Amino acid sequence: MRPAIRSFARGHFAASALLFAALAPEAHAQYPRTPPPAASLKPAQFPPFQETALPNGLRLVVVERRDQPLVSISLSFPAGSRYEPSGHEGLATLAATLLTKGAGARSADEISATIEGVGGSIGASAGSDFLTVRADVLTPNVPLAFELLSDVAVRPSFPEKELELARTQILSALQLELSQPSAIASRAFARELYGKNPYALRPTPESVRRVARSDLVAFQKARLRPSGALLVVAGDLSFADARRLASRSFAGWKGAPIASAAGSAPPARRKTEIVLVHRPGSVQSNIVMGNVTFLPGDPRFFAVTVANRVLGSSASARLFNILREQKSWTYGAYSNITRPQGIGSFQVTAEVRTEVTDSAVAEMITQVRRIAREQVGTEEFSAAMESLVGAFPLTIQTANQVAAAVTNAKLLGLPPDYLQTYRTRLAVITPPMALAAARSSFRGDAALIVVVGDATKIHDGLNAIAPVRLVTTEGMPLAASALTATAGPLNLDMTRLVARSDSFVVMVQGNAFGFQRTSLEKNAGGYTYTEATQIGAIVNQTTTLTFGEKLDMRHVTQRGTMQGQELKTDVTYSGGRVKGSAMTPTPQGVRTVAIDTAIAAGTLDDNAVQAIVPALKWTPNAKFQMSVFSAGQGGLRPMTLNVAGKESVMVPAGTFDVYRAELTGGQAPVTLFVTTAAPHRVVKVTIAGAPIEFLLVK
Amino acid sequence: MRRLLPALACATLALPLPSSASAQEPGRITVDRYSLPNGLTVILAENHSTQVVAVDVWYNVGSRNERSGRTGFAHLFEHMMFQGSEGVKKGDHMALLTRAGSQGFNGSTTEDRTNYFQPLPSNRLNLGLWLEADRMRSLSITDSNFTNQREVVKEERRMRVDNQPYTRALFEEMYGIMDSATCFPYAHSIIGSMDDLNAAKTSDVKEFFDLYYAPNNATLVVAGDFDSAEAKRLISLYFSDVPRGKTPPPVPCTASVNSGPRRKNVLDPKANLPAVMAIYRIPAYDHADYPALELLSTILGQGESSRFNRALAREQKLAVATPVFANPFGPRRGPGVFLLLAIANQGIKTDTLEKAMAVEAAKIGREGITNAELTKAQNAYRATTISGRETPLEVAEALQRANLFLGNPEAVNTDFARHMAVSADDVKRVAATYLRPDNALTLIITSEAK
């Protein structure tokens, strides 16, 4: 019954409040019905810090803070990913990871046991511009922290086995990252936004595999030098102690990093374009919209910061209010500006329900145009300004926050009084200044918009907003027609099917190691395709596929052995389902899977791809989307067969002009070499990552 | 004395770095606790080392208080608390805080509590207190607010659970460790089911507010840069006439540890790399075994030199990540969970990984730990505790935890000693007691049906 009591209390209170307000100045002692006004703002000074340069050129900044027994030390170098040699993306991250995996006289295990034994931590990471090593310890362990820092920065040992371990882990982390839509979106955005500029690049499995120990040694030698580096000590340590420890720990270390060429300018963009990354099955769409901005010292920074505050850098800004609070389209929508050492960027991001993707994109464009065209009203402007100015003490609460602010300002080369004058330089911005800055920095009419989602559901809606370029999650071009093909059966030409029999030799590391014979027969009611394969003593199997008249799947049987284990599959495709069983050898023994799965019309068995090749409509740009069922894996998956190029190949059966067609979506990418002339025959097959080839003999 | 003096002098000289704070333990927090006549508990901790004040309200309600058919409701309700009140128009709550310069304000829901917190520049203490008071006394509960926030919560669910790898196991399947029949409060997830969210009605919101959001079920902490006398005046002015509510019903849970092994395959299409999660039942936060369990989680899973990282990731190369948690969403007063997660390296089968995890988990119960491992875990706890009290908001949250889970805010100053008193034998004993196969739920997480 509390609501009744409450409303009574409210009514009673309201009456007395009015009474008091009319009669007596004591009204202030009543519960205020509106938000109480601010007490006066204390002048917030940026906490003092001291700096010096050591004789070897290493700059030292000390932020002394004595209220907790903690010290944090960071050492930054101009050694971020932008300095990686082409094709070696991931080198800076690998170098950072390995610095603490063996240095001076200590092995990786000894370093971690030493620092963690005292409750401290040490680690390094690389961003696009800088590589930073950081140690955090309780005060009594500061000398140990300096000793370890100087070892890892100056004397890393880069053990081969640690490199392989780190590589394996980074590759797995990459795989994990590439499964996350937000990561796919941010990678695609960087790639499209920065073009040939190094900020566009992200590690790929290939580039990570390419990095050798010698690359790490060379990178460390060239870029981890004292001149140009910045050492920041924050916390429970005096300037004198910090300087003494730094001088002692880094004595004898000399030199400057070698000069490196400035990156190319990002591509100019004259109109808005949507890059749609097709991620089948996504239940949401990740949207990133934006453009490149300016260098870190640009005077527009303060005005742009205020305009960005109004638009989307908080949960009270326009984007959050409209996309989340008013429309319930998303859990959050924000804008932000990045401020690297080179050209920065402006980004609007949101993760929305699939069905409102186009509405959300249209609204984002509208709001970006609005902030760049209409002056912000006084009230809204004041709210944004007060929040930025009022928040300042919250951004410098801990010694680490202070140290991070100092580090950033120093590394970006901002003026010496930047931090001390930050608050006042913000406070002088006016609405016309914010508008002028937004107009030149937020490009609603020449934006890059990246959307990651299920393109079959959102392509047309987006295409009505701006021209759409469709790509795969790997960034490869994808034809819009591929989207419709996914849902339906392949467009096949039965007239091109001819009964025939082919023999292949199986080459393993260049040596003949087995054979494969395939044959296609036309019979009453359809086709039968048989494939017999023998590879050494490892594989011996025969697969028989029967198709209807339109190459629709009927049955698949597979018999044989693999590494001595029995292999047996029987499945039937009928009435929109596939049923049967599959016995598949695995390292843990033979696994039997019962199969009963609903499938879309036109779904192919994974053994059938090679069989239908002659009936596909091959062209130099052909892309075939297939829905494929794999009995061994017990599941459906989309697969794509793309013509990646034309070439001439020589196999035992002769020399042929072929399309090089890449089949992706399966366990490993497979390349099929298919004759350009009809009847289209497969003359060669290679499997990515395996030293195995199938070559046509006759 | 004469023999001691040189020793002391040496010790002083050997210390290269005199520290102004005690280097061995977190600084003492001075606590002032009192109650208003309507039952609101108030805890004040004044400290002027920054120009920031934190206002932090905990309501003694979480998913443990939900009834069957209304799972996810405590969290859904938390969203309603930002939708306005008598003096705050819809959408203004966050706008007022943002305009005041507050950053990182939010609310969150765990099994055991719901919190609402805001760090503010110290000249805006009055705003933080008033906003909390206004929603406690007059929350706007309307159909349109409710429908709108329900959609937001469903979207949050899609984003956090349905569209991210491993979250299905962590956010939902993990709760399968408890039986609904004997301990429904801890046998369902915080995020709740879509069906239950859809079934929730505006009348449920009103009922929930009246029962759980009364001052006698809340604790207000103010920490940081403020004047206690002024804070007390404002608290009295803003909160005193919010009426007391009924006493909420007790939370029923009769489950014990060691009630049999369980396992389940979790289909997670987003999990590119398969994973194994082992979940063990453990006792409540105030139980004598809990500090040893927390140190055990550090020894197994925190840092490069932790056992799981060394054995599973570095030596056997079976896993890419091996996080270990005691209660991933925060302490509990009911039975808790100890959780081992290992994400498989490329090409590693879950069976292999599961066996290796079991071997490592069993080893401590059988062979114990080294003194170096104990020291390391205690030093890690020391560092985490000290660095976890740097900001007023961190201090406020530490006080709330001590108050709710240990029954007294002063425990913020004694909980540290509880952890330092743990012995290597204690860790061995709790590992043997709780990390047993018959006390575990094992989840095998794969992206395709096994």
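Everything numeric here is computed off the predicted structure, so don't read it as measured data.

Draft legend 1. Spatial organisation of the overall build of chain A. Tallying secondary structure elements over chain A gives 19 helices and 29 strands in all. Principal-axis analysis of the C-alpha atoms places the extent of chain A at approximately 100 × 75 × 55 Å. Within the span of chain A, comprising 698 residues, buried residues form 53% of the whole. A sequence separation of at least 24 residues applies to 65% of the contacts in chain A between residues at least 6 apart. With 69 positive and 53 negative side-chain charges, chain A shows a spacing of 3 Å between the two charge centroids.

Draft legend 2. Quick look at empty space enclosed by the protein. Residues and elements named next belong to chain A. Using the criterion set out here, one finds six cavities of 30 Å³ or more in the structure. Here the second largest cavity is characterised by a volume of approximately 90 Å³. Surrounding the second largest cavity, Arg 500, Asp 502, Phe 504, Thr 518, Leu 520, Tyr 529, Gln 610, Ala 611, Val 613, Pro 614, His 680 and Val 682 form its lining. Secondary structure elements with two or more residues in the lining of the second largest cavity: strand E15 (500–508), strand E16 (511–523) and helix H19 (609–612). Of all the elements, E15 adds the most residues to the lining of the second largest cavity, at three residues.

Draft legend 3. Spatial organisation of the packing of helix H11 (residues 290–301) of chain B against helix H17 (residues 424–434) of chain B. All names here are of chain B. Packing of H11 against H17 leaves a shortest axis separation of 9 Å and a crossing angle of 90°. For the element pair H11 / H17, the angle class is roughly perpendicular. Each of Ala 292, Leu 293, Leu 296 and Ile 299 in H11 lies in contact with H17, whose residues at this interface are Asp 426, Val 427, Val 430, Ala 431 and Tyr 434. Considered class by class, the residues forming the contact of H11 with H17 number eight nonpolar, no polar and one charged.

Draft legend 4. Molecular detail of the packing of aromatic side chains. Evaluation of the coordinates by the stated rule reveals 31 aromatic pairs over all chains. Between B:Tyr116 and B:Tyr213, the ring centres sit 6.2 Å apart and the planes meet at 70°, which makes this aromatic pair edge-to-face. Here B:Tyr116 is found in strand E5 (residues 114–121), whereas its partner B:Tyr213 is found in the loop between helix H9 (202–212) and strand E6 (218–224), with 97 residues between them in sequence. What links up through ring pairs into an aromatic cluster is the set B:Tyr59, B:Phe73, B:Phe77, B:Phe82, B:Tyr116, B:Phe208, B:Phe209, B:Tyr212 and B:Tyr213. Its end group placed over the ring of A:Phe673, A:Lys684 keeps NZ or CZ at 4.8 Å from the ring centre. The residue whose ring lies beneath B:Arg137 is A:Tyr31, and the NZ or CZ to ring-centre distance is 3.6 Å.

Draft legend 5. Focus on the sheet that holds strand E12 (residues 345–353) of chain A. Residue and element names in this part refer to chain A. Strand order in this open sheet of six strands is E11-E12-E10-E13-E9-E14, and the pairing throughout is mixed. If you trace the sheet from one side to the other, it starts and ends with strand E11 (330–338) and strand E14 (468–471), each paired once. Along the sheet, successive strands turn relative to each other by an average axial angle of 15°, direction set aside. Note: E11 against E12, seven bridges, orientation antiparallel. If you follow Asn 336 over to E12, its bridge partner there is Gln 347.

Draft legend 6. Molecular detail of the layout of surface pockets. Its boundaries defined by the atoms lining it, the second largest pocket holds a volume of some 590 Å³. In this structure, the second largest pocket is lined by 27 residues; those nearest its centre are A:Ser316, A:Ala383, B:Ala95, B:Leu96 and B:Arg99. Of all the secondary structure elements, the ones that give two or more residues to the lining of the second largest pocket are helix H10 (301–311), helix H11 (318–326) and helix H13 (378–391) of chain A together with helix H3 (92–99) of chain B. The class makeup of the residues in the lining of the second largest pocket is 12 nonpolar, six polar and nine charged.

Draft legend 7. Region of the structure containing the state of the cysteines. All names here are of chain B. Throughout the structure, instances matching the rule amount to one disulfide over all chains. The partner cysteine of Cys 183 in its disulfide is Cys 253, sulfur to sulfur 2.0 Å. Taking the sign of the S-S torsion, -105° for the link of Cys 183 and Cys 253, the bridge is left-handed. Residue Cys 183 is found in helix H7 (residues 180–183), and its partner Cys 253 is found in the loop between helix H10 (228–239) and strand E7 (262–267); the two are separated by 70 residues along the sequence. Using a relative accessible area of 0% as the deciding quantity, one classes Cys 183 as buried.

Draft legend 8. Summary view of the interface of chain A and chain B. Contact residues are listed per partner, giving 94 residues for chain A and 102 residues for chain B. Surface buried jointly by chain A and chain B totals about 8100 Å² across both partners, of which 53% is contributed by carbon and sulfur atoms. Counting across the interface, chain A meets chain B through six salt bridges. Measuring nitrogen to oxygen at the nearest pair gives 3.6 Å for the salt bridge that ties A:Arg33 to B:Glu86. When residues in the side of chain A that touches chain B are grouped by element, the largest group, eight residues, is from helix H5 (residues 160–178) of chain A. Of the residues that constitute the side of chain A that touches chain B, the class distribution is 40 nonpolar, 30 polar and 24 charged.

Draft legend 9. Local environment of the nonpolar core. Residues and elements named next belong to chain A. Counting 74 residues, the largest nonpolar core has Leu 323, Ile 449 and Val 451 as the members making the most contacts within it. Setting aside its immediate chain neighbours within four residues, Leu 323 contacts Ser 328, Trp 329, Thr 330, Ala 333, Ala 350, Ala 360, Glu 363 and Met 364. In this structure, Tyr 573, Leu 641, Phe 694 and Leu 696 belong to the second largest nonpolar core, which totals 60 residues.

Draft legend 10. Spatial organisation of the environment of A:Asn540. Within the secondary structure layout, A:Asn540 lies in strand E18 (residues 539–547). Residue contacts for A:Asn540: discarding those within four places in its chain leaves A:Thr533, A:Gln534, A:Arg559, A:Gly560 and A:Thr561.

Draft legend 11. Focus on the sheet that holds strand E4 (residues 106–109) of chain B. All names here are of chain B. Strand order in the open sheet formed by six strands is E1-E2-E6-E3-E5-E4, and the pairing between neighbours is mixed. The strands lining the two open edges of the sheet, one partner per strand, are strand E1 (32–35) and E4. Adjacent strand axes in the sheet meet at a mean angle of 15°, parallel and antiparallel pairs treated alike. Across four bridges, E1 lies against strand E2 (residues 41–46) in antiparallel orientation. Residue pairing in the sheet places Tyr 34 in a bridge with Val 42 of E2. Across the sheet, helix H4 (residues 125–138) touches strand E3 (52–59), E5 and E6, and the angle it forms with E3 is around 15°.

Draft legend 12. Main features of the pattern of salt bridges. Within this structure, the stated rule accounts for 63 salt bridges over all chains. The partner of A:Arg106 in a salt bridge is A:Asp151, and the shortest N-O contact between them spans 3.8 Å. Pair noted here: A:Arg106 is in strand E5 (residues 106–107) and A:Asp151 is in helix H4 (residues 142–154), with a separation of 45 residues, a long-range link. In this structure, B:Asp204 and B:Arg67 form a salt bridge, with 3.4 Å as the shortest nitrogen-oxygen distance. Remark: B:Arg67 occurs in the loop between E3 and helix H2 (73–80) and B:Asp204 occurs in helix H9; sequence separation between them is 137 residues.

Draft legend 13. Main features of H4(B). The end-to-end C-alpha distance of H4(B), which contains 14 residues, comes to 20 Å, matching closely the 20 Å that a straight helix rising 1.5 Å per residue would cover. Most of H4(B) is tucked away, with 14 of its 14 residues classed as buried.

The rules behind these values
- Every chain is numbered on its own, with residues counted from 1 as its sequence reads.
- Following the order in which they are written, the chains are lettered starting with A and the ligands numbered starting with 1.
- The model is predicted, so local features are restricted to residues of pLDDT at least 70 and side-chain atom pairs to those at 80 or more, both for listing and for counting; the totals for chains, interfaces and linings are taken over all residues.
- Only heavy atoms go into the side-chain values, all of them from the structure, while hydrogens and water stay out.
- Strands here mean DSSP runs of E at least two residues long; helices mean DSSP runs of H or I at least four residues long; both are numbered from the N terminus.
- Relative accessibility thresholds used throughout: buried, under 20% of the residue-type maximum; exposed, over 50%; partly exposed, between the two (1.4 Å probe, protein chains only).
- Pairs of residues are marked as contacts when any of their non-hydrogen atoms sit within 4.5 Å.
- Only four residue types enter the tally: Lys and Arg on the positive side, Asp and Glu on the negative side; His and the chain ends are excluded.
- By convention, the charge on Lys lies at NZ, on Arg at CZ, on Asp at CG and on Glu at CD.
- Here a cavity denotes grid points, spaced 1 Å and computed from the protein atoms alone, that fit a 1.4 Å probe unable to get out, and a pocket denotes an open set having protein on both sides within 12 Å along at least 5 of 7 lines; residues with an atom within 4 Å of a point are the lining.
- Grid points are joined across faces, edges and corners, and a volume is the space filled by probe spheres set on the points.
- Under this scheme, a helix contributes an axis fitted over its contacting stretch, all axes are lines through C-alpha atoms, and angles between N-to-C directions fall in the 0 to 180 degree range.
- Each angle is binned into one of four classes, with values under 35 degrees roughly parallel, values over 145 roughly antiparallel, values of 65 to 115 roughly perpendicular, and all other values oblique.
- The nonpolar class holds Ala, Val, Leu, Ile, Met, Phe, Trp, Tyr, Cys and Pro. Asp, Glu, Lys and Arg form the charged class, and all remaining residues, Gly among them, are polar.
- Pairing of aromatic side chains requires ring centres within 6.5 Å, counting the rings of Phe and Tyr and the six-membered ring of Trp. Pairs whose planes differ by under 30 degrees are stacked, by over 60 edge-to-face, and all others tilted.
- Two limits define a charge over a ring: the Lys NZ or Arg CZ must be within 6 Å of the ring centre, and within 35 degrees of the ring normal.
- Pairing between strands is defined by DSSP: at least two bridges between the two strands are required.
- In plain terms, two cysteine sulfur atoms within 2.5 Å form what is called a disulfide here.
- Buried area is understood as the total, over both parts, of accessible area removed when two parts are fitted together, assessed with a 1.4 Å probe.
- Salt bridges are defined by distance alone: a side-chain nitrogen of Lys or Arg within 4 Å of a carboxyl oxygen of Asp or Glu.
- The criterion is simple. A nonpolar core is a set of buried Ala, Val, Leu, Ile, Met, Phe, Trp, Tyr and Cys residues joined through side-chain atoms within 4.5 Å.
- Helix span, expected: 1.5 Å multiplied by one less than the number of residues in the helix.

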